[in-house]
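Examining the three-dimensional arrangement
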Amino acid sequence: QVQLVESGGGLVQAGGSLRLSCAASGSFFGVNTMGWHRQAPGKQRDLVARITSGGSTDYADSVKGRFTISRDNAKNTVYLRMNSLKPEDTAVYYCNADVMTIPTSHRGYWGQGTQVTVSS
């Protein structure tokens, strides 16, 4: 009953920028922490950035200073602005969110992933 819909992935030249968006839809009472993970072929899925409902953020060391995570609580949407992209940023990016499905229950959800490819 909860879906995460991602958009904004694509192909970009090194040094360019992309903005990813992820909106939670369905039936739920609230969205807590939201974030982005990425997974390149042959590698594990790693945290890129996350943001709490109050706006506190965390970033992977590899993206600090280049990526910015933000959210719009009214729209249940999280964004990831990616600047100064490098070929090593190429990966499938997955949105995730901790969703309160009823007032006494919450669980994590994942989007299907969106491909980001950075060419040299």
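Here, the structure is the one placed above.
Presented here is a report on the structure given in the accompanying data block. (Residues numbered from 1 in each chain as written. Predicted model: local features only at pLDDT ≥ 70, side-chain atom pairs only at ≥ 80, totals over all residues. Heavy atoms only, no water.)

**Here we look at the side chain of Arg66**
Rule in force here: Runs of E in the DSSP output that reach at least two residues are strands. Runs of H or I that reach at least four are helices, and both are numbered from the N terminus. Exposure classes here rest on a 1.4 Å probe applied to the protein chains alone. A residue is buried below 20% of its type maximum, exposed above 50%, and partly exposed in between. Polar contacts, as counted here, are pairs of nitrogen or oxygen atoms within 3.5 Å of one another; within protein the pair requires one atom able to donate a hydrogen and one able to accept it, and residues that are adjacent in sequence qualify only if both atoms are side-chain atoms.
Here Arg66 shows up in the loop between strand S6 (57-59) and strand S7 (67-72). Among the residues examined, Arg66 registers a relative accessible area of 11% and is labelled buried. At 2.8 Å, the side chain of Arg66 forms a polar contact with the side chain of Asp89.

**Structural notes on the sheet that holds S7**
The condition is simple: Any two strands between which DSSP finds at least two bridges are classified as paired. To get an axis, a line is fitted to the C-alpha atoms, and for a helix only the part in contact is used. The angle between two axes follows their N-to-C directions and goes from 0 to 180 degrees.
Overall, antiparallel pairing links the 4 strands, which are arranged S1-S3-S8-S7 in an open sheet. With partners counted over all chains shown, the strands left at the sheet margins are strand S1 (2-7) and S7, one partner each. Within this sheet the neighbouring strands show an average axis-to-axis angle of 15°, counted without direction.

**Quick notes on the side chain of Glu6**
Quick note on the threshold: The charge count treats Lys and Arg as positive and Asp and Glu as negative. His and the chain ends do not count. Whenever a carboxyl oxygen of Asp or Glu lies within 4 Å of a side-chain nitrogen of Lys or Arg, that contact is scored as a salt bridge.
Its place among the elements puts Glu6 in strand S1. Although Glu6 is buried, it forms no salt bridge, and the closest oppositely charged side chain is Arg45 at an N-O distance of 8.2 Å. At 3.5 Å, the side chain of Glu6 and the backbone nitrogen of Gln112 are in polar contact. A polar side-chain atom of Glu6 sits 2.7 Å from the main-chain amide nitrogen of Gly113.

**Here's the deal with the nonpolar core**
To keep it simple, the criterion reads: By nonpolar core we mean a set of buried residues, namely Ala, Val, Leu, Ile, Met, Phe, Trp, Tyr and Cys, connected to one another through side-chain atoms within 4.5 Å. Throughout, a residue-residue contact means that at least one pair of heavy atoms, one from each residue, lies within 4.5 Å.
By size, the foremost hydrophobic cluster in this structure holds 31 residues, and its most contacted members are Trp36, Val48, Phe67, Val78, Leu80, Met82 and Tyr93. Of all elements in the fold, only S1, strand S3 (18-26), strand S4 (30-39), strand S5 (46-51), S7, strand S8 (77-82), strand S9 (91-102) and strand S11 (114-119) reach the threshold of two or more residues within this core. The biggest single contributor to this core is S9, with 5 residues. In this view, Met82 contacts Gly16, Ser17, Leu18, Leu20, Arg66, Phe67, Tyr93 and Val116; residues no more than four positions away in its chain are not counted.

**Let's talk about the pattern of salt bridges**
Applying the stated criterion to the full structure yields 4 salt bridges. A salt bridge links Asp58 to Arg50, with the nearest nitrogen and oxygen atoms 3.3 Å apart. Assessed through its relative accessible area of 39%, Asp58 is described here as partly exposed. Across the salt bridge formed by Asp89 and Arg66, the nearest N and O atoms sit 2.8 Å from each other. Placement of Asp89 in the loop between S8 and S9 and of Arg66 in the loop between S6 and S7 is noted, with a sequence separation of 23 residues between them.

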